[in-house]
Amino acid sequence: MSEGAPENPPLDELERRHAQLQRSFRALQRLIQAVLVALILMCGSLSVYLFRQVSTMRKQVEANRPLINQTVADYNSNYLPQVQQFLGRLQAFARTNADFAPILSRYSLAADGVAPAAPPPSAPPAPTQK
Amino acid sequence: MTRGNNFTYALGGALILLCLVVSALCYQHVQLTREWAQLERQLTAVNKNKTIMNSLAREAVEYSRRNPAINPILQSAGLPVAAPAAKGK
């Protein structure tokens, strides 16, 4: 009867180990919860910041979109045809007046809608009205 | 112990939800930034072309002082015609 007793660990030893494991588990659980709370606070701050940025940018885009679209449409429908006509006449004029050809050739002909055009090599002086 | 687990799961769920919200906001931010850049590009191109054409028109008006034959073209475009340059006495 007394032979089996040394093989089994004593009951208080088991209880002590169990209590130690429980303490470790709770400590780990608290650590995970603390990390989760910190991450939630960081994500919350980031989402508030992003929400404000998105709101500001949306207001900016929605306020300016009609104006810019109107400007571009006006440019394409009114300004550009006149420019193309003017350029055509200037090109015809440059064919008969060779001294005007260098002036015209300095400008890339901006007749393709809103496609960006290269600027002139040097800005000419404004005409002086006397 | 079960209560502690439930709290951890709730925190994890809240974190996942917040991550989804942040992702959606990031996506919107990128879209709006792209749209704004596109609008700015269009406006810049229009202004650039107008500047170039204004410079050409100024040079053409200046040229009309030397060669009034260009005046009909300038007048048809509504540009002012410069007075011919005075010839030296």
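Residues numbered from 1 in each chain as written. Chains lettered and ligands numbered in written order. Predicted model: local features only at pLDDT ≥ 70, side-chain atom pairs only at ≥ 80, totals over all residues.

### What about the overall build of chain B?
Part 1 of the argument: Looking only at helices and strands, chain B has two helices and zero strands in total.
Part 2 of the argument: In chain B, which comprises 89 residues, the proportion classed as buried is 15%. (Helix = DSSP H or I, 4+ residues; strand = E, 2+ residues; numbered from the N terminus. Buried ≥ 20, exposed ≤ 12 C-beta atoms within 10 Å, placed from the backbone.)

### Examining helix α1 (residues 11–96) of chain A
The periodicity of an α-helix, 3.6 residues per turn, causes residues three or four places apart in sequence to face the same way.
Part 1 of the argument: Within α1 of chain A, the axis deviates most sharply at Tyr79 of chain A, by approximately 40°, and proline Pro81 of chain A lies no more than four positions further along.
Part 2 of the argument: When you tally the buried positions in α1 of chain A, you get five out of 86 residues, a small fraction of the element.
Part 3 of the argument: Along α1 of chain A, the positions that sit buried rather than exposed are Val54, Tyr75, Val83, Phe86 and Leu90 of chain A.
Part 4 of the argument: Those residues of α1 of chain A that are buried lie in contact with α2 (101–105) of chain A together with α1 (2–66) and α2 (71–76) of chain B. (Bend = angle between axes of the 7 residues up to and from the residue. Contact = placed C-beta atoms within 7 Å.)

### Some remarks on α1 of chain B
Part 1 of the argument: Compared with an ideal rise of 1.5 Å per residue, which puts 65 residues at 96 Å, α1 of chain B spans 96 Å between its outermost C-alpha atoms and is within 8% of the ideal.
Part 2 of the argument: Residues of α1 of chain B that are buried in the fold lie against α1 and α2 of chain A together with α2 of chain B. (Expected span 1.5 Å × (residues − 1).)

### Regarding the interface of chain A and chain B
Many analyses report the size of an interface as the accessible area lost when the parts associate.
Part 1 of the argument: Taken together, the contacts link 46 residues of chain A with 42 residues of chain B.
Part 2 of the argument: For the side of chain A that touches chain B, the residue count by class is 33 nonpolar, 10 polar and three charged. (Nonpolar A, V, L, I, M, F, W, Y, C, P; charged D, E, K, R; others polar.)

### Here we look at the nonpolar core
Part 1 of the argument: Ranked by size, the top nonpolar core spans 13 residues in total, and within it Met53, Leu56, Ala60, Val61, Tyr63, Ile70 and Leu74 of chain B carry the most contacts.
Part 2 of the argument: Those elements that place two or more of their residues in this core are α1 of chain A together with α1 of chain B.
Part 3 of the argument: The greatest single-element share of this core, amounting to six residues, is contributed by α1 of chain B.
Part 4 of the argument: Contacts of Tyr63 of chain B, omitting those with residues within four sequence positions, involve Phe100 and Ile103 of chain A together with Ile70 of chain B. (Core = buried A, V, L, I, M, F, W, Y, C linked by C-beta atoms within 7 Å.)

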